[in-house]
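Remarks on the overall topology
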Amino acid sequence: MTHYSIAVLPGDGTGREVMAEGCALLDAIEANTSLSFNQIIIPCGGQYYQETGLEWPDGSFEVCRDEADAILLGAIGWPGAVCKNGDLAGGQVVLGLRAGLELYANVRPIKLYEGVQHKVHGNFQQVWSPGKVDMIIVRENTEGLYHSLLHRSAMRATGGEEYEPPAMTFPGMNGDVAWDPRPISRAGSKRVIEFARKLVLLRNGSPEGVSKLTCVDKSNVTRGCQLFRAVFDEMAEEWDDIEVDHAYIDAFTMWLVRNPEWFDVVVTSNMFGDIATDLGSVLQGGMGMAASGNIGDNHAFFEPVHGSTPKYAGQKKVNPIATLNSVQMMLEWLGYRNNDDEALKAAKAIDEAVAEHIKKGEVLTYDLGGEASTTEVGSAIIASVVEKLK
Ligand code: IPM
Ligand code: MN
């Protein structure tokens, strides 16, 4: 019997609805394997803030840090939910955990399953074929343009002193000026690039069969990106078993859409990765399909990339697959980390069940052209996982 404690943070809006499916999946795995899960449910987010004045109950950060083997998050963010200092209410949760637990690699797979019609120009169609979209974007998760907000959020979570960037004057600018520093460090770049390089070695290459790490930056313009690329190039000198490539972020967005088959693993800075992965999700059928892991050396949390979709909250209509696949990533991470074959087996069962479910194409949510509810999709996939585990 292997026992894991999982901190479950459903968060806001539809985050709660998809997380219900994530929890049901864990229950089903527990009932059909030797794994057992202690699910520690922690209410949190913008709605919780509006109700209580807190982003999550006091002590929640410590529970995530000290008691959980892994963390699952639904979605954070709710209209009008803003902290007194203007920061996102719930930032303490998603950004506080990223910074406070040093989850420096935000791992966002972009894979198109067979059968998925993607919605482009308002129509469901096949612009990209499944064989052409299978990459992972690794987003640096602790520095860059998010740095001040990350740091403030982590300090709110841990009780430390909140950081504000120093006042600055800028030549040629008068009156009110707001600014966000974008610090990028050698050490911070090195650890995320190293992580991305290890991912390349774990995979079978791009759809074209090339094992490759692409560094995406804007080093023709920003100093932070110049350092990021310089660190990448220094490290790449030691790699003789993979290909390396560079792209500026602007051109990358074009190639991402036009030639997704070129990419295997991509590593980039924080805000570029945030933007590129929303765009990338379209290649896989939309945000309802986009899973992610926020991973550090000692902790990790897993979350669907989509937000709390307030306009659909309470309707049980959003796609739970991004969440089920985030559970899949969590079990894979736990499996590798603990040499736990049972967790790896469960992860594989989820992967196969999702792929088969979509290929059948019978029970799908609106975003994939169907009319099924969150629960109907979740239950059907969970039933198939159970069959595989028996
Ligand atoms: C994401 C989200 C977050 C981010 C928000 C909710 C702070 O958009 O995980 O991509 O910007 O990182
Ligand atoms: Mn985002």
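Residues numbered from 1 in each chain as written. Chains lettered and ligands numbered in written order. Predicted model: local features only at pLDDT ≥ 70, side-chain atom pairs only at ≥ 80, totals over all residues. Heavy atoms only, no water.

1. Some remarks on the sheet that holds strand 8 (residues 212-217)
Formally: When DSSP locates at least two bridges between a pair of strands, those strands are taken to pair. Working definition: helices are DSSP H or I runs of at least four residues, strands are E runs of at least two. Numbering for both runs from the N terminus. To get an axis, fit a line to the C-alpha atoms, keeping to the stretch in contact for a helix; angles then go from 0 to 180 degrees between the N-to-C directions. Contacts: residue pairs with any heavy atoms within 4.5 Å of one another.
One open sheet accounts for ten strands, arranged 2-1-3-12-11-4-7-10-8-9; its pairing is mixed. Edge positions in the open sheet fall to strand 2 (35-41) and strand 9 (243-248), since each of these has one partner strand only. Across this sheet, the average inter-strand angle for adjacent strands is 25°, counted without regard to direction. As paired strands, strand 8 and strand 9 are joined by six bridges and run parallel to one another. Each bridged residue has a counterpart across the sheet, and for aspartate 217 the counterpart in strand 9 is tyrosine 248. Set on the sheet, helix 1 (residues 14-32) makes contact with strand 1 (2-11), strand 2 and strand 3 (70-75); between it and strand 2 the angle comes to about 155°.

2. A few points about the pattern of salt bridges
The cut-off we apply is this: Here a salt bridge means any side-chain nitrogen of Lys or Arg lying within 4 Å of a carboxyl oxygen belonging to Asp or Glu. Only protein chains enter the accessibility calculation, which uses a 1.4 Å probe; a residue whose area is less than 20% of its type maximum is buried, one above 50% is exposed, and one in between is partly exposed.
All chains considered together, the criterion is met by 21 salt bridges. Residue arginine 98 pairs with glutamate 303 through a salt bridge whose shortest N-O separation is 2.8 Å. Taken together, the residues arginine 98 in helix 4 (residues 91-100) and glutamate 303 in strand 12 (residues 300-304) connect sequence positions 205 residues apart. The residue lysine 348 makes a salt bridge to glutamate 352 at a minimum N-O spacing of 3.1 Å. Residue lysine 348 and its partner glutamate 352 are located together in helix 11 (residues 341-360), separated by four residues, close to a single helical turn. A relative accessible area of 53% means that lysine 348 is categorised as exposed. Through salt bridges with shared partners, one network takes in Glu55, Asp87, Arg152, Arg156 and Glu164.

3. Points about the layout of surface pockets
Short version of the rule: In this analysis, the protein atoms alone were mapped onto a 1 Å grid. Cavities are point sets where a 1.4 Å probe fits without being able to get out; pockets are open sets with protein on both sides within 12 Å along at least five of seven lines; lining residues have an atom within 4 Å of a point. Grid points are joined across faces, edges and corners, and a volume is the space filled by probe spheres set on the points. In this count, Pro and Cys sit with the nonpolar residues alongside Ala, Val, Leu, Ile, Met, Phe, Trp and Tyr, while Asp, Glu, Lys and Arg are called charged and the others, Gly among them, polar.
Counted as a void, the largest pocket has a volume near 1,100 Å³. Considering the residues around the largest pocket, the lining is formed by 35 residues, among which Ile136, Leu199, Leu202, Glu332 and Tyr336 are closest to the centre. Listed by contribution, the elements that provide at least two residues to the lining of the largest pocket are strand 4 (105-111), strand 7 (134-140), helix 6 (186-202), strand 11 (291-295), helix 10 (321-338) and helix 11. Looking at the lining of the largest pocket, the element that brings in the most residues is helix 10, giving seven residues. If you add up the space inside the second largest pocket, you get close to 420 Å³. In this structure, the second largest pocket is lined by 21 residues; those nearest its centre are Ile76, Val94, Arg98, Asp274 and Val305. For the lining of the second largest pocket, the secondary structure elements donating two or more residues are strand 3, helix 4, helix 9 (270-283) and strand 12. For the lining of the second largest pocket, a count of residues per class yields twelve nonpolar, three polar and six charged.

4. Some remarks on the pairing of strand 1
Across a regular strand the side chains alternate sides, sitting on one face of the sheet and then on the other. Which entries qualify depends on this criterion: Note on handedness: a crossover is taken as right-handed if, strands pointing away from the viewer, the path from the first strand over the helix to the second is clockwise.
In terms of residue burial, strand 1 counts as a mostly covered element, since eight of its ten residues are buried. Here strand 1 pairs with strand 2 via seven bridges, running parallel. Following the sheet pairing, tyrosine 4 is matched in strand 2 by phenylalanine 37. In terms of handedness, the path from strand 1 via helix 1 over to strand 2 forms a crossover that is right-handed. Judged from the five bridges that link them, strand 1 and strand 3 form a sheet pairing that is parallel. Looking at strand 3, one finds that leucine 9 is bridged to leucine 73.

5. Considering the environment of threonine 253
Here is the rule: Pairs of N or O atoms are called polar contacts if they sit within 3.5 Å, as long as, within protein, a hydrogen donor faces a hydrogen acceptor (for residues adjacent in sequence, only side-chain-to-side-chain pairs).
Within the secondary structure, threonine 253 is located in helix 8 (residues 249-258). A residue is classified by how much of its surface remains accessible, and threonine 253, at 26% relative accessible area, is partly exposed. In this structure the side chain of threonine 253 is engaged in a polar contact, spanning 2.7 Å, whose partner is the backbone oxygen of aspartate 250.

Coordinates in, geometry out; function isn't part of it.
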